[in-house]
Amino acid sequence: MATTQHDLEYRSRLRKYARATKDWMRKQSARARARMPERWGARHVLAIVVSAIFAVFIVALIWLYFLDWNTMRGPVSRYLSHRLGREVHITGDLDVHLFSLTPHASVSGLTVANPQWVGTPQAANINHLTVVAKLLPLFRGQWILPLVRFDHPQILVTRLADGRTNWDFGGDKGQGWTLPPINRFLIKDGHLKIDDRVRKLAFSGTISSEERSNGQNSAFTLDGDGTLNGNKFLANIKGGPLINVDETKPYSFVASISAGATKIYADGSIPHPFQLGQFSAITVMSGPNLSDLYYLTGLAMPRTPPYHLQGTISRDGTVWRFVNFGGTVGASDLHGDLAIETAHKRPIISGAIKSKSIALSDLGATIGSGPAHAAPAGQIFPDTQLHVDRLRQMDADITYDAGEVRSQDLPMRALHTHIAINNGVMLLKPLTFDFKQGALNGSIQIDARKPTAVTSLDARLSKMHIEEFVKTDPPTAIGPLAARVKVEGSGNSVHAAASTATGAVAFVVPGGKFNEKIAEWTGIDVFNGLFTDKKRDIGLRCAIADFDVKGGIMQSKRLLFDTEPVRVEGSGTLNLKSETMDMKIAGAPKEFRIGRLRAPITLTGPITHPNVGIETGPALAQGGIAGLLGVLFPPAAILPFIDPGMAKDANCSAATPAHVVKETARKG
């Protein structure tokens, strides 16, 4: 519409009037300041400010009193969205009553949205929420809630494999949620769903704590089921009534959790209700394998036989404890105290564990051997995949002592080790096995910082006696024994690490006794071998087995058994990947012998059960010469089987691999 001349004149008059009014107000203000004494200026301004604030406050109170709170659903939703970092919507009524000694608010249709990556729209959907507070404690900065009521809440908790979770609001910090004291906490027909890809947990359950129509209080219950790592998962938690709760009195609860054959029962209490960062519970747990607890606790437990343990689990902020625990693991006892600190990037577990008596077979389960892990017959190194990736998810500082180690094959007495895990590297140092005589000392390191772990073993056997390991009747050998194993290999099983091992292995017996009959047979001295007393011993000057290890192949550098009448030497390989051997040994007499076959003895096939034979080439050649001499002159046929015994004593000192065995066993 076009602007008329009348409109233009009207607007001009308005502008003139506005300028005149502005000039008049400026002049009046200047006159007032001129008339006002200077000492009254600050007081007058302060009085005006206070009056203005009071007036605004009165107006605000009147406005709040008559306010239709439904008009504030948008601003309240935006405020909550900002605080939570999630979209919050109120689709129903918002009703707030502030002018009371117990101000209260109720909201219907409250929803909290999920991040977009979750795939489902809502993290929480609450049909109706009521909150009542006490007014006077608010002036002291203290929240006391006489009533909190949820009607038909539906909660979704989800965590992806990369660790992102839809409930990470940054408020917990590992301390545990602390809620204001609530006198009556009611939940009607609540539903909880958990989808945790890290723990491989899928759970759906119901939550309730209601007032019954007969006036009796209903206990708190959380009950549901699902799957944990593919196993059936059941959880049932019950507590006392959440009505007339006293924050100065402990709140009791019991929990029963099962995941497959793993069972956990806890009977405990929360010292201060709604301070969930503190509780204590007597706990009984049992199952087929401690490592299965990883999906419940997030801690890398070792593989074990079936266990049954009881102790007290408690939480104090970021510190969890499992104290005074005891029980059995397989055929071994176990007891001690552990603490877990969760405030850091990776949880840190520390403490001391002891056993009065432990079966060596139970220790074997930790590396994937034993009855629980079937392996091909005769296999030495288990190929069960170890959970080395879990070492990257926690740190540890634990000591372990066993007063007795039971073994059918080894004369062990005690075990001591210190277990340290730091940033994906596990170190067992020292690792000490005490025997009836001597000890095995060393260390094992598993570096799991990369997908394929690297294992380093450095072990030293000292002050031992060979007859404790080679149990024959009569003893094949008697004397002190020293050994050194220093190897490194990569792989996520013991067999894989052995198959790639590189390093050195050496065994030394610096002196003692050796069975004469066996010594003669190593040189295939038929006559002496047949007629020598099998219980007769001869002097053993030294025995040395020295190997270089490369790519899982143990190549002999020196194989020497030097006895008083016979010097035995050999060569060959041990394949740790196929667990087979290809060895030759040959004895040379130091004394005159009749009936000696000049052919090496061969040891081939599986290391545990090698095939013993004679190398046919030299034997056939010796037999051919004897046959030819027999044709020319029959008595001469025996000449090839006569040995004048020209072998010399070995230089045992020079042959001892001092670079590998720094401290050889001493005679006596």
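Residues numbered from 1 in each chain as written. Predicted model: local features only at pLDDT ≥ 70, side-chain atom pairs only at ≥ 80, totals over all residues. Heavy atoms only, no water.

S.K.: Even after reading the chapter, I still don't get the side chain of Ser355, so can you show me in this structure?
M.R.: With respect to the helices, strands and loops of the structure, Ser355 is situated in strand E16 (residues 348-355). Those residues in contact with Ser355 that lie beyond four places of it in its chain are Asp333, Leu334, His335, Tyr400, Asp401, Ala402 and Gly403. (Helix = DSSP H or I, 4+ residues; strand = E, 2+ residues; numbered from the N terminus. Contact = heavy atoms within 4.5 Å.)

S.K.: How should I be thinking about the pattern of salt bridges in this particular structure?
M.R.: When charged atoms on two side chains of opposite charge get close, those side chains can pair. The full count for this structure, using the stated rule, is 13 salt bridges. Close ionic contact of Arg164 with Asp162 constitutes a salt bridge, the shortest N to O distance being 2.9 Å. Using a relative accessible area of 38% as the deciding quantity, one classes Arg164 as partly exposed. Exposure remark for Asp162: the relative accessible area of 51% places this residue in the exposed category. Between Arg567 and Glu569 there is a salt bridge, with its nearest N and O atoms 3.3 Å apart. Classification of Glu569 as partly exposed rests on a relative accessible area of 33%. When salt bridges with common partners are traced through the structure, they connect Arg541, Asp562 and Asp649 into a single cluster. (Salt bridge = Lys/Arg side-chain N within 4 Å of Asp/Glu carboxyl O. Buried < 20%, exposed > 50% of the residue type's maximum accessible area, 1.4 Å probe, protein only.)

S.K.: Sorry if this is basic, but what is going on with the state of the cysteines here?
M.R.: Considering all chains together, one arrives at one disulfide under this definition. Bridging Cys542 to Cys652, the disulfide has an S-S length of 2.0 Å. Handedness here is read from the sign of the S-S torsion; for Cys542 and Cys652, about -75 degrees, the answer is left-handed. With Cys542 in strand E28 (residues 537-550) and Cys652 in helix H11 (residues 652-655), this pair connects stretches of sequence that are 110 residues apart. Across the pair, exposure class does not vary: Cys542 and Cys652 are buried alike. (Disulfide = S-S within 2.5 Å.)

S.K.: Can you help me understand a nonpolar patch on the surface in this one?
M.R.: On the surface, a cluster of nonpolar side chains totalling about 390 Å² of accessible area is made up of Leu101, Leu136 and Phe139. As for its placement among the helices and strands, Leu136 is situated in helix H4 (residues 135-138). Judged by its relative accessible area of 53%, Leu136 falls in the exposed class. (Patch = residues over 30% accessible without salt bridge, like charges linked within 9 Å, V, L, I, M, F, W, Y side chains within 5 Å. Areas by Shrake-Rupley, 256 points an atom, 1.4 Å probe, with all protein chains shown as cover.)

S.K.: Please explain the layout of surface pockets as it appears in this structure.
M.R.: Space left empty within the atom packing is revealed by a probe, the size of a water molecule, rolled over the atoms. Its boundaries defined by the atoms lining it, the second largest pocket holds a volume of some 330 Å³. The wall of the second largest pocket is formed by 18 residues, among which Thr120, Gln122, Ile155, Leu156 and Lys193 lie closest to the centre. Of all the secondary-structure elements, those providing two or more residues to the lining of the second largest pocket are strand E4 (122-132), strand E5 (145-159) and strand E6 (182-196). When the residues that make up the lining of the second largest pocket are grouped by side-chain class, the tally is eight nonpolar, seven polar and three charged. (1 Å grid on protein atoms, 1.4 Å probe; cavity = no way out; pocket = protein on both sides within 12 Å on 5 of 7 lines; lining within 4 Å. Points joined across faces, edges and corners; volume = space filled by probe spheres on them. Nonpolar A, V, L, I, M, F, W, Y, C, P; charged D, E, K, R; others polar.)

S.K.: Looking at this structure, how should I read the pairing of strand E2 (residues 94-97)?
M.R.: Looking along a regular strand, one sees the side chains alternate between the two faces of the sheet. The alternating pattern of E2 places Leu94 and Val96 on a buried face and Asp95 and His97 on a face that is not buried. Sheet topology places E2 next to strand E3 (residues 104-113); four bridges connect them, and they run antiparallel. Among the inter-strand pairings, His97 is bridged to a residue of E3, identified as His104. What sits between the antiparallel neighbours E2 and E3 is a turn of six residues. (Pairing = 2+ DSSP bridges.)

S.K.: Can you help me understand the nonpolar core in this one?
M.R.: It is characteristic of soluble globular proteins that their nonpolar side chains tend to be buried jointly. Within the largest apolar cluster, 47 residues are counted, with the highest numbers of intra-cluster contacts made by Met285, Tyr307, Leu334, Ile349, Ile353, Tyr400 and Leu415. The element best represented in this core is strand E21 (residues 425-435), accounting for five residues. In this view, Met285 contacts Lys263, Ile264, Leu293, Tyr307, His308, Leu309, Ile313 and Phe322; residues no more than four positions away in its chain are not counted. (Core = buried A, V, L, I, M, F, W, Y, C linked by side-chain atoms within 4.5 Å.)

S.K.: Please clarify how the packing of aromatic side chains should be interpreted in this entry.
M.R.: Any two aromatic rings considered together are summarised by their centre-to-centre distance and by the angle between their planes. Overall, the coordinates contain seven aromatic pairs when judged by the stated rule. Measuring from centroid to centroid gives 6.1 Å for Phe150 and Phe185, while their planes differ by 65 degrees, and the two rings are edge-to-face. Remark: Phe185 occurs in strand E6 and Phe150 occurs in strand E5; sequence separation between them is 35 residues. Relative accessible area serves as the criterion here: at 21%, Phe150 is assigned to the partly exposed category. Using a relative accessible area of 14% as the deciding quantity, one classes Phe185 as buried. Note on Phe253 and Phe279: the rings are 6.2 Å apart at their centroids and 75 degrees apart in plane angle, and the pair reads as edge-to-face. Taken as a pair, Phe253 in strand E10 (residues 251-259) and Phe279 in strand E12 (residues 278-287) lie far apart in primary sequence, 26 residues in all. Per residue, the accessibility class of Phe253 equals that of Phe279, and both read buried. (Phe/Tyr/Trp six-rings, centres within 6.5 Å; stacked < 30°, edge-to-face > 60°.)

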